[in-house]
Amino acid sequence: MKKKFEFNLSPTSISMFEQCQLQFYFEKLLNSESDTSNYPVYGLAGSAVHTAIEKGFTNAQFNKLWKEFGISKLKGIHGHNVKREEFWKYVLGARAFLKQLNLTMYQQEVEIRIPFIESLQISLGFKGIIDFLVTDPVNPMIIDWKTGTPQKKDEKQAIHYAFLYWMIKGKI
């Protein structure tokens, strides 16, 4: 018997499809590893920022995490090292933003999955992981922490998350 095909469309997979359908096919549908080199240092630095925001890390704890991830040993674009201090500024900025909002009702790392097509052969859905969700029934807010320069795909990601939230709550 043929194995059931299961896949969830996330902002990342949709963005990959828009950029290169062949890469999407091989990496997302066939689960092949990419032969294209990239700069994992930026993803690791972003993960360190997310973790520090979520767990309320101090500068010393962030520094320890930076070392654990081995970020200082990796090179970025043009062979430059990524500066830990620049990424710590994102953590401080997020904290200041949240303090300004004075929130009492929120959740972090909220995963939403919405089924789209379900059969014996295929399971296809939409998914997203919202970094910070203000759960105030009167004024809900979706926050996604970003490091780096804003891009068009970030706007599409926000729309994707708003759609998922609307699907489960019936409002935005």
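Relevant structure appears above.
The structure presented is a predicted model; accordingly, all values stated were derived computationally and were not measured. (Residues numbered from 1 in each chain as written. Predicted model: local features only at pLDDT ≥ 70, side-chain atom pairs only at ≥ 80, totals over all residues. Heavy atoms only, no water.)

Here's the deal with the packing of aromatic side chains
Scanning the entire structure with this criterion turns up 13 aromatic pairs. Here the aromatic rings of Phe-87 and Tyr-90 are separated by 5.7 Å at their centres, their planes lie at 55 degrees, and the arrangement is tilted. Placement of both Phe-87 and Tyr-90 in helix 5 (residues 84–101) is noted, with a separation of 3 residues, approximately one turn of the helix. Judged by its relative accessible area of 32%, Tyr-90 is partly exposed. An angle of 20 degrees between the planes, with centres 4.8 Å apart, marks the rings of Tyr-106 and Phe-132 as stacked. Of this pair, Tyr-106 sits in strand 2 (residues 106–118) while Phe-132 sits in strand 3 (residues 122–134), and the two are 26 residues apart along the sequence. Taking the relative accessible area as the measure of exposure, Tyr-106 reaches 41% and is therefore partly exposed. (Phe/Tyr/Trp six-rings, centres within 6.5 Å; stacked < 30°, edge-to-face > 60°. Helix = DSSP H or I, 4+ residues; strand = E, 2+ residues; numbered from the N terminus. Buried < 20%, exposed > 50% of the residue type's maximum accessible area, 1.4 Å probe, protein only.)

Details of the side chain of Asp-154
Turning to its location among the elements, Asp-154 is positioned in helix 6 (residues 152–169). If near-sequence neighbours (up to four positions away) are discounted, Asp-154 is found in contact with Lys-146 and Thr-149. (Contact = heavy atoms within 4.5 Å.)

Honestly, that's just the spatial picture; any functional story needs more than this.
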